[in-house]
Amino acid sequence: MNESIPPKEERMAALSGLGTSRKRVEDARFTQGKGNYVDDMKMPGMLFGDFVRSPYAHARIKSINTEAALSLPGVHAVLTAADLEPLGLHWMPTLAGDKQMVLADGKVLFQGQEVAYVVADDRYVADDGIQAVMVEYEELPVLVDPFKAELNDAPVLREDIADQSEGAHGPRRHPNHIFTWESGDRAATESVLSEAEVMAEEMVYYHRTHPCPLETCGCVASMDKVNGKLTVWGTFQAPHAVRTVASLISGIAEHNIRIVSPDIGGGFGNKVGVYPGYICAIVASIVTGVPVKWVEDRMDNLMATAFARDYWMQGKISATKEGKITGLWCHTTADHGAFDACADPTKFPAGFMNICTGSYDIPTAYLAVDGIYTNKAPGGVAYRCSFRVTEAAYFIERMIEVLAIKLGMDAADLRAKNFIRKDQFPYQSALGWEYDSGDYHTSWNKALAAVDYQGLRAEQAERLAAFGRGETRKLIGIGLSHFTEIVGAGPVKNCDILGLGMFDSCEIRIHPTGSAIARLGTISQGQGHATTFAQILASEIGIPAEDITLEEGDTDTAPYGLGTYGSRSTPVAGAATAMAGRKIRAKAQMIAAYLLEVHDNDVEWDVDRFSVKGAPERFKTMKEIAFASYNQAIPGVEPGLEAVSYYDPPNMTYPFGAYVCVMEIDVDTGTTEIRQFYALDDCGTRINPMIIEGQVHGGLTEALAIALGQEIAYDDQGNVTTGTLMDFFMPTAWETPNYQTDFTETPSPHHPIGAKGVGESPNVGGVPAFSNAVHDAFKSFGLTQSHMPHDHWRIWKIANSLGLHD
Amino acid sequence: MGKTHLKMTVNGKDVELMAEPRQLLIHVLREELNLTGAHVGCESSHCGACTVDMNGMSVKSCTVFAAQAQHAEITTIEGLGSPDGLHALQEMFKEHHGLQCGYCTPGMITRAHRLLQENSNPSEEEVRFGISGNLCRCTGYQNIVKAILAAAAKMNEMKESA
Amino acid sequence: MIASAFEYHKPDTVDGVISLLSKWGDDARVVAGGHSLIPVMKQRMTDISHLIDLGGISELKGVSIDGDTITIGAMTTQHELATDEALAEAAPLIREASLQIADPQVRYMGTIGGNVANGDPANDMPGLMQTLDATYHLTGPAGKREVKARDFYEAAYFTAREDEEILTAISFAKPSGGFAYEKQKRKIGDYATAAAGVMITIVGGTCTAASVALTNLSDTPVYCGAAVDALVGSSLDDTTIKVAVAAAVDASDPVADTRGPVDFKKYVAGVIVKKAITSALARA
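Below or above, wherever it landed, is the structure these notes cover. In this text the structure is predicted, and so the values were computed from the model without any measurement.

Quick notes on the rules
Every chain begins its residue count from 1, and numbering advances along the sequence as written. A letter from A marks each chain and a number from 1 marks each ligand, given out in the order of writing. For this predicted model, a pLDDT threshold of at least 70 governs which residues receive local features, and a threshold of 80 or more governs which side-chain atom pairs are given and counted, while totals over whole chains, interfaces and linings are taken from all residues. The side-chain quantities take in all heavy atoms of the structure and omit both hydrogens and water. Axis geometry follows a simple rule: fit a line to the C-alpha atoms, using only the stretch in contact for helices, then measure angles between N-to-C directions, giving values from 0 to 180 degrees. Counting from the N terminus, the helices are DSSP H or I runs at least four residues long and the strands are E runs at least two residues long. An angle below 35 degrees is read as roughly parallel, one above 145 as roughly antiparallel, one from 65 to 115 as roughly perpendicular, and any other as oblique. Two residues form a contact once any of their heavy atoms are found within 4.5 Å. Amino acid classes used here: Ala, Val, Leu, Ile, Met, Phe, Trp, Tyr, Cys and Pro are nonpolar; Asp, Glu, Lys and Arg are charged; the rest, including Gly, are polar. A pair of strands is considered paired only if DSSP assigns at least 2 bridges between the two. What makes a patch is a set of residues exposed beyond 30% relative accessible area and free of salt bridges, joined within 9 Å when like-charged and within 5 Å when nonpolar (Val, Leu, Ile, Met, Phe, Trp, Tyr). Areas reported as accessible are Shrake-Rupley estimates using a 1.4 Å probe. Residue values count occlusion only from the protein chains shown. Only one rule defines a salt bridge in this text: a Lys or Arg side-chain nitrogen within 4 Å of an Asp or Glu carboxyl oxygen. Two residue types count as positive, namely Lys and Arg, and two as negative, namely Asp and Glu; His and chain ends fall outside the count. By convention, the charge on Lys lies at NZ, on Arg at CZ, on Asp at CG and on Glu at CD. Accessibility here uses a 1.4 Å probe with only protein chains present; expressed as a share of the type maximum, an area under 20% marks a residue as buried, one over 50% as exposed, and anything in between as partly exposed. Note: buried area is the sum, over both parts, of the accessible area (probe 1.4 Å) each one loses when the two are combined. Each polar contact in these results corresponds to two N or O atoms within 3.5 Å; when the atoms are within protein, one needs to be able to donate a hydrogen and the other to accept it, and residues that are neighboring in sequence are counted only if both atoms are side-chain atoms.

Here the focus is the packing of helix H19 (residues 792–801) of chain A against helix H12 (residues 262–283) of chain C. Remark: H19 of chain A packs on H12 of chain C, axes separated minimally by 10 Å, with the N-to-C direction vectors making an angle of 85°. Comparing their axes, H12 of chain C and H19 of chain A come out roughly perpendicular. In contact with His792, Trp793, Trp796 and Lys797 of chain A of H19 of chain A, H12 of chain C contributes Asp263, Phe264 and Tyr267 of chain C. For the contact of H19 of chain A with H12 of chain C, a count of residues per class yields 4 nonpolar, 1 polar and 2 charged.

Residue and element names in this part refer to chain A. For the pair helix H15 (residues 569–596) and helix H16 (residues 622–631), interaxial distance at closest approach is 10 Å and the crossing angle is 85°. With respect to each other, H15 and H16 are oriented roughly perpendicular. Contacts between H15 and H16 involve Ile584, Ala588, Ile591, Ala592 and Leu595 from the first element and Met622, Ile625, Ala628 and Ser629 from the second.

To continue, consider the sheet that holds strand E5 (residues 73–75) of chain B. Residues and elements named next belong to chain B. Read from one edge of the open sheet, 5 strands run E2-E1-E5-E3-E4, paired in mixed fashion. Every interior strand has two partners, whereas the edge strands, strand E2 (13–19) and strand E4 (57–60), have only one. Neighbour-to-neighbour, the strand axes of this sheet turn through a mean angle of 40°, independent of strand direction. The pairing of strand E1 (residues 4–10) with E2 spans 7 bridges and is classified as antiparallel. Bridge pairing in E2 links threonine 9 to aspartate 14. Along the sheet, helix H3 (residues 105–118) contacts strand E3 (51–54), E4 and E5; its crossing angle with E3, the most-contacted strand, is approximately 35°.

Taken together, the side chains of Asp26, Asp27, Asp47, Glu154, Glu162, Asp163 and Glu164 of chain C make up a negatively charged region of the molecular surface. Within the secondary structure layout, aspartate 26 of chain C lies in the loop between helix H1 (14–24) and strand E2 (28–31).

Residues and elements named next belong to chain C. Read from one edge of the open sheet, 5 strands run E4-E5-E10-E6-E7, paired in antiparallel fashion. Each edge of the open sheet carries a strand with a single partner, namely strand E4 (63–66) and strand E7 (143–148). Strand-to-strand twist in this sheet, taken as the mean axis angle between neighbours without regard to direction, amounts to 20°. Looking at chain direction, strand E5 (residues 69–73) and strand E10 (residues 166–173) are connected through 5 bridges and run antiparallel. In the sheet register, threonine 71 faces E10, and the bridge partner there is serine 171.

So, on to the environment of tyrosine 366 of chain A. All names here are of chain A. With respect to the helices and strands, the residue tyrosine 366 is situated in strand E19 (residues 364–372). Here tyrosine 366 falls in the buried class, since its relative accessible area comes to 4%. Separated by 245 residues in the primary sequence, tyrosine 366 and serine 611 have C-alpha atoms spaced 57 Å apart. Ignoring any residue separated from it by four or fewer positions in sequence, one finds tyrosine 366 in contact with Glu182, Ser183, Gly184, Asp185, Arg186, Thr189, Leu328, Trp329, Cys330 and Leu431.

It is common to report an interface's size as the accessible area lost on association of the parts. Of the residues lining the interface, 22 residues belong to chain C; the matching set on chain A comes to 28 residues. Of the roughly 2,200 Å² buried at the junction of chain C and chain A (both faces included), carbon and sulfur atoms supply 60%. Looking only at chain C, the three residues that lose the most surface to chain A are Ile2, Lys187 and Tyr267 of chain C, adding up to 28% of its buried area. The tally of links from chain C across to chain A stands at 4 salt bridges. A salt bridge links arginine 44 of chain C to aspartate 127 of chain A; the shortest N-O distance between them is 3.0 Å. Between chain C and chain A we count 11 residue pairs in polar contact (both at pLDDT 80 or more) in total. Per element, the largest residue contribution to the side of chain C that touches chain A is 6 residues, and it comes from H12 of chain C. Of the residues belonging to the side of chain C that touches chain A, the class tally is 9 nonpolar, 5 polar and 8 charged.

As structure tokens, this is what we get:
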């Protein structure tokens, strides 16, 4: 009764499903300048709000005079903490259980802090208004160094909580101390270390940097007083969480708040948190009755919105003489700035720093993290990172190198000797994680073979000899990194943010004619969700990806989800998508069986249709089934074809990879050149290889920037010295190399399609590879550890201190 | 200090408007003319997201006062191709995955367009040097460079067959 | 980052500029390409109520090569300098240096006049002009005068130009011999960590003329007379080059910034000067 059926392969190809390098559906609008970013929005009567910011890192505010500003034509309002206080909005809760000033309440605690909010006709008048606001400050002693925070003469920063001995994460031992967080077995680890045959100790610093997406943070808030509904369009990586937080702190019922993330120009963690700019725009819209836009400028972004890293990690690692690691100890001093605004799951004040045993089978380990207040901007967000896994990976990949030096072993061999073996998965780590799957020896061997590791070492030795003979001033560094990620936060049993479980969601509606729309709780910031999630669905429900619309970011229409960061979209929302697809398929099976007049169990799935077992010529395609679901009265089956899935992952996923960086270093100028960079990533099942490769290129370039120069630096008065894109290092096409990508594929056993996520891997694994290359170049001259960023002068300093200059 | 009467040709159309001299070209284009393709990224002429073509030059429109653009001929991303006929660069950026979040893309393509006008057959090194005034945070440039080289080849092919 | 309001003027003659400057005094500033001035205005670090755009004055544009003299109008852009074939033939050092300034977009707008006249020690053209021993042509209410590039710079942002004068052109003798402009920077778009311009003429194995100048290594560009003295008359042997490099480093007086501390900058200055000398020598 049906014409001939096209071959399976042909039908699969027509779906553009899993594993195909499907071109992106987003690109049509982006390449034609038709994206819709928040600053593109224009609404009738819209005003613009912007901040008076503190020039000082620590000062008491003696007075704020807004008269002159208010008298400027076009200035509508100037908000200060005093105006917000009656609403209870002069402070706001942070994601880390602390609170943060929305507008300076009596004092300022970091340079760039929001002091007053000027609302005006447009950004020009707002800026004139900012200049006209007179603030009288009394400067206070500044605390920049976290190691001086608990000295007797240290200034007390947070007077609001100075006498509280208990914080959100347990006891506080000093007014400038936030928390101590411990993981692992301290006594056992100390005992292992004290009896160790070999022990290496080092301070590893991962400096303060910033996600710095090309689009800064901003929003448009619009309070519709007629309908009592607040809508906020903004740069939100987690729109639903923002809605709940906005409701909790404003008192507006959650159903009367709509949060929309339009197109987002990169996030990288910068757009996870809630900023004073959002709160002030909302209040200003309520006060003025018209929409209010706030878009920060680049200096504001670098100075005031969330920084990343700033972990001082003191490490000890022990091993047998043969190089079998026996124990790992780490104490981290975490500089959180003036407010603890880290964006970590609530139970993890130091994020997943306790993944710091890395790819290695380390039987005993202990980690403690002390959070400290300083006069710096708050933040501590996951910059293309799953909650401090980047710091953890850098720490262990440095400690391995330090241990290799101590042992006199090749660092590649030392890694191979200590990798968790394939047969040990699922692997229980000493610090409490269950790694889902991995095959580290395979990835490592493939990487070393691909770069001809032995050949590189021989070339390096020759170069060293030539250097010794005075024939060259350039050294070769070979930077190794084998990282294990922990992503896909996360299981609701231990992962929540402000009490919101970190599940995610997908809702699918199949239209009568066989096309579909799917909505997710996540939000793309360049990851290409509209392309890749449609691919997951295409393979699950047999509808071509091009016939599936993906929608995210509007809390009025999308199902609840915790958003996109920490490589969680594929592991969590991707899983929800597959599961919702399977519900569609289950219902479709019943419809097909009814139409084919057989029992449900007598039909089987065949790419894009159900056919009768043993009689493949009798089938119903998904297109036919979709139409039937809308026009046939099927006994016991509701009309329509829709499904929703809320997916609570049973575990995190553990992507991994093996990276090798070959670097040329000029010892006289401190300049570097990346000669080769090989990146092997294993992210489990690969959804779209083209997009994976693009993610790897981008993440590696961020890693290069971080390792070789990108920092938020402060002088001793707490002034930011890297506030523009000249000083905050972002490489251009000229400084960026071509990368060589590769992969192995070890599916996650618990993820519905075996995918693990890849977005952050290159940043996480890239930084140690670049940094290790610098260290490696100087290893034979006695260097064991030198802090990032390895910009020209710091590399020069290494060479200088090793006596390599005349 | 009042507004100035400005006349420009934007994407082939003559436009007239009143603007304060201090208004930046990027804001005139985005807010007065609703051409929101070019973006503001750094405001200090480092990132190139605001790149438009002015009188045959690639300029960072965040660092040009509106008054300086009096009588200028301006092309923005919106003037390069249409939904029915994409410019080769637009096509190749999609084909070679030369964009992710899309924020730098209009400036990048507009810059690449001028580069290819001046050098129709650039080497990879010339492309990298030629787009070094445009920052991208997502792609690591590798696929952007590939896309521009592919667009150059395609444009040359089209020229030959014409 | 929004500039405060100003009145905009675009005269079409140099006299028009001078009369506006005379009228408005300190409240007025001229703008050429604007890529140094506009960012400063946007940060409201300077208060200007009258902005005088030099973009409408055709006599300020263009390169002319007249026998042995090269004259470049102040409003000639870096892009034009880098792409002018006749200029590249006559003074290839200009192209080499121009391409090391900022990035492509900035070079379309940035002018040689703006680059040399605003007195920013980080700019590349002042050091280059000292290398070339260029002459700056100024016009003011009292008429025209000339100042040598090597005498023009007094301190950061302080020059021999009077407030009511503008720089109209730069001229220099067609260079001969070997040349190089070497620059170390962190990335495209950055100012120099250290940069140096060098010219060397060799006749019969002896250096008969030389020039060495530094960029961003003091609060002004630095012409290194002692280094030149060391080179001229020598056979440019390794010892001489060492002495010249040491003299140049001695003449530098950098300040610490995000590019690095003073000892690093001085060391790199030495490396860069040596590279520039070596490279100029190879081309001589």
